[in-house]
Amino acid sequence: MNVEDVEDRLRRAIEARTSSVEPSPDALGRINEKLSDQGDPMDLSSTRTRWILGVAAAIVLVAALLAGLMLPGGDDRTEIGDTADRRTTTTEDSTTTTEPSGDRTTTTEASGAPGTSSTTTPASSTTTTQPAGPSETDQSQIVWPRPSSDVRFDTPEAAARSFARYYARFRDPVVGAFRPGDSRSGEVPVHAFAGGPETTVLVRQLAGDSWFVIGAQAEHIELTSPTPGPDFSLGCPQHVAGTALAFEGTVQVRIDAYQPDGSRVELGSGFVTGSGSPPAGPYEGNISCRLTRSGENVEPTGILTLWEPSAEDGSTLAITAIPLPLVM
Amino acid sequence: MMVTMAATNDLEGLYREHYRSLVRLASVLVDDVATCEELVQDAFVAVLRRSGGWVDDDAAPAYLRSAVLNGARSHLRKQQVRRRWLQRATLPADQPGADVATMHGDDTRTMLAALRSLPARQREVLALRYYLDLPEAEIAATLGISAGSVKTHAHRGLAALARRVGEDR
């Protein structure tokens with residue numbers, strides 16, 4: 001086929017496609033809403049806005065000081081995934097999708113063997129706790145909630161929010177609306193805080209109708225190796241490669257396994273260096289780790305996590321995470 | 001040349017002039033029309049915010065086009081990653097949007113699929129050329145590349161399309 005024919009066919013295809021596309025009637029309203037959500041750029045320099053920002057900053061500072069005085073002593077910093085160590089479970093209102101304020105999420109701490117952790121569910125919540133676990137095949141796809149826990153989510157947003165809060169340790173997660181892919185999967189955009197970089201949380205319905213996080217993709221941390229396949233499993237040292245844009249190019253890497261009681265076992269950690277200024281640059285590295293020992297009581301699938309820590313407070317800005325089959 | 005400036009209160013003007021064609025441009029590259037609208041809305045917001053609410057009327061089309069194409073590229077990259085992971089699952093990954101599957105003939109579907117399988121720069125150059133009929137200089141300005149690169153991408157893109165749709169026949 002010659003190039004002229006291709007040009008002609010391409011033109012006709014594009015014409016057929018584009019002529020069938022009509023914008024929705026409320027599009028201008030949606031743009032205005034988005035502008036309002038993020039603050040009107042014209043108002044940023046106004047005295048009123050500066051006042052509001054100043055007062056808000058003062059309130060946050062006072063609240064932080066008070067919280068610091070009221071909390072018990074010791075280092076209370078938590079790391080990615082540590083909450084699962086304490087079997088924290090989460091439930092939430094399925095209608096909550098975007099705003100961290102007014103969030104009705106509750107957490108409870110429980111102790112004991114798997115299956116004994118209790119979950120407090122608000123009256124309005126549709127999240128349920130189901131004893132039935134995912135199949136072995138399904139387990140190999142799951143990042144969150146951990147397959148051996150009792151926690152299940154009825155909505156993709158709830159699963160994404162739990163992942164953001166309790167695994168990624170996002171400071172003040174903003175969870176967007178679910179974008180369906182096929183009938184049982186899709187993605188949920190999540191920001192560590194309003195205006196932060198986007199992490200796309202991939203979700204799928206497994207084990208009946210429950211929603212699980214099967215991976216996460218940070219806007220600026222792309223993982224091209226390891227890639228899934230029949231021989232895909234943890235190797236030590238674990239080779240990782242991809243492209244990243246982060247503060248000073250630094251991306252933290254960790255390999256986690258989980259015991260059935262929710263305790264996290266760190267199998268390895270390190271960092272790789274991408275680009276510190278746009279565009280994202282390639283990174284590659286070998287992460288020191290150990291294989292799980294025969295008889296070691298951990299779930300057969302762990303998590304390979306890459307994240308960008310905040311230069312300000314060390315909190316997670318964005319996270320890429322994949323399920324990583326462990327060699328038993 | 002006198003440069004007129006558009007403030008956010010002229011958003012309506014920008015919207016009237018560019019919104020529909022930008023959604024249609026995005027729809028050449030991305031299947032789902034709702035996603036196309038999101039990308040264009042985000043482009044409006046990004047451009048207005050980046051410019052502090054003031055957009056040079058002459059530069060607005062290129063800024064907006066560029067933001068839409070960047071958004072589409074980012075969306076497709078994430079979609080690829082998602083597909084890669086979903087392939088591991090037992091269920092099928094993303095299917096073409098219902099609008100594409102039901103409203104268009106085989107040739108349209110074939111050509112759009114072939115176009116979307118090209119490297120990002122090639123498909124963007126072809127979309128800008130064959131949907132908006134932009135001259136090379138404007139395509140170059142939109143994509144931030146040289147006019148020579150536009151020619152190269154267009155040439156390679158068309159050659160790759162010819163091979164791909166030829167193989168399908």
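Below, the structure is looked at part by part. (Residues numbered from 1 in each chain as written. Chains lettered and ligands numbered in written order. Predicted model: local features only at pLDDT ≥ 70, side-chain atom pairs only at ≥ 80, totals over all residues. Heavy atoms only, no water.)

All names here are of chain B. Their axes nearest at 10 Å, the elements helix H1 (residues 11-29) and helix H6 (residues 120-130) cross at an angle of 140°. Accordingly, the angle class assigned to the pair H1 and H6 is oblique. In this structure, H1 crosses over H6, and the sense of that crossing is right-handed. Together, Leu25, Val28 and Leu29 of H1 and Arg123, Glu124, Ala127 and Leu128 of H6 make up the contact between the two elements. Here the contact of H1 with H6 is built from residues that sort into five nonpolar, no polar and two charged. (Axes fitted to C-alpha atoms, helices over the stretch in contact; angles between N-to-C directions. Helix = DSSP H or I, 4+ residues; strand = E, 2+ residues; numbered from the N terminus. Parallel < 35°, antiparallel > 145°, perpendicular 65-115°, else oblique. Left-handed = near helix turned anticlockwise from the far one by under 90°. Contact = heavy atoms within 4.5 Å. Nonpolar A, V, L, I, M, F, W, Y, C, P; charged D, E, K, R; others polar.)

The next thing to look at is the packing of aromatic side chains. How two aromatic rings sit relative to each other is given by the distance of their centres and the angle of their planes. Residues and elements named next belong to chain A. Counted according to the given criterion, the structure contains five aromatic pairs over all chains. Taken together, a centroid distance of 5.3 Å and an interplanar angle of 65° make the contact between Phe178 and Trp211 edge-to-face. Of the two residues, Phe178 is situated in the loop between strand S3 (174-175) and strand S4 (179-180) and Trp211 in strand S7 (residues 210-218); the sequence distance between them amounts to 33 residues. Counting every residue linked through ring pairs, the aromatic cluster contains Trp144, Phe163 and Tyr167. Across the ring face of Phe193, the terminal group of Arg171 is positioned such that the distance to the ring centre comes to 4.5 Å. (Phe/Tyr/Trp six-rings, centres within 6.5 Å; stacked < 30°, edge-to-face > 60°. Lys NZ or Arg CZ within 6 Å of the ring centre and 35° of its normal.)

Turning our eyes to something else, we now look at the environment of Asp172 of chain A. Note on placement: Asp172 of chain A falls in the loop between helix H5 (156-167) and S3. For the pair Asp172 of chain A and His191 of chain A, spaced 19 residues apart in the sequence, the C-alpha separation amounts to 8.2 Å.

Residue and element names in this part refer to chain A. Taking 1.5 Å of rise per residue, the 17 residues of helix H1 (residues 3-19) would be expected to cover 24 Å, and the 24 Å separating its terminal C-alpha atoms lies within 8% of that figure. Of the positions making up H1, those classed as buried are Val6, Arg9, Leu10, Ala13, Ile14, Arg17 and Thr18. Projection of H1 onto a plane perpendicular to its axis shows the buried side chains occupying an angular sector of 155°, all on one side. (Expected span 1.5 Å × (residues − 1). Buried < 20%, exposed > 50% of the residue type's maximum accessible area, 1.4 Å probe, protein only. Arc of directions from axis to C-beta.)

Before going further, it helps to spend a moment on the nonpolar core. Core analysis: the biggest nonpolar cluster contains 57 residues, and Leu10 and Ile31 of chain A together with Tyr19, Val40, Phe44, Leu126 and Leu161 of chain B have the highest contact counts within it. The dominant element in this core, judged by the number of residues it contributes, is H1 of chain B, at 10 residues. Discounting residues that sit within four places of it in the chain, Leu10 of chain A has contacts with Met111, Leu115, Leu126, Tyr130, Leu158 and Leu161 of chain B. Core analysis: the next-biggest nonpolar cluster, separate from the first, contains 27 residues, Phe153, Ala158, Ala168 and Val188 of chain A among them. (Core = buried A, V, L, I, M, F, W, Y, C linked by side-chain atoms within 4.5 Å.)

Its location among the elements puts Asp182 of chain A in the loop between S4 and strand S5 (185-191). Taking the C-alpha atoms as reference, Asp182 of chain A lies 9.3 Å from Arg204 of chain A; in sequence the two are 22 residues apart.

With that settled, consider the side chain of Gln205 of chain A. Residue and element names in this part refer to chain A. Checked against the element boundaries, Gln205 lands in strand S6 (residues 198-206). According to the relative accessible area criterion, Gln205 is buried, its value standing at 13%. When sequence neighbours within four positions are dropped, the list of residues in contact with Gln205 reads Ser183, Arg184, Ser210 and Trp211.

Before going further, it helps to examine the state of the cysteines. Residue and element names in this part refer to chain A. Inspection of the entire model under this criterion finds one disulfide over all chains. For Cys236, the disulfide goes to Cys289, at an S-S distance of 2.1 Å. Its S-S torsion of approximately -125° makes the covalent link between Cys236 and Cys289 left-handed. Placement of the pair is Cys236 in the loop between strand S8 (221-225) and strand S9 (238-244) and Cys289 in the loop between strand S12 (281-287) and strand S13 (301-309), with a sequence separation of 53 residues. The exposure class of Cys236 is partly exposed, given its relative accessible area of 32%. (Disulfide = S-S within 2.5 Å.)

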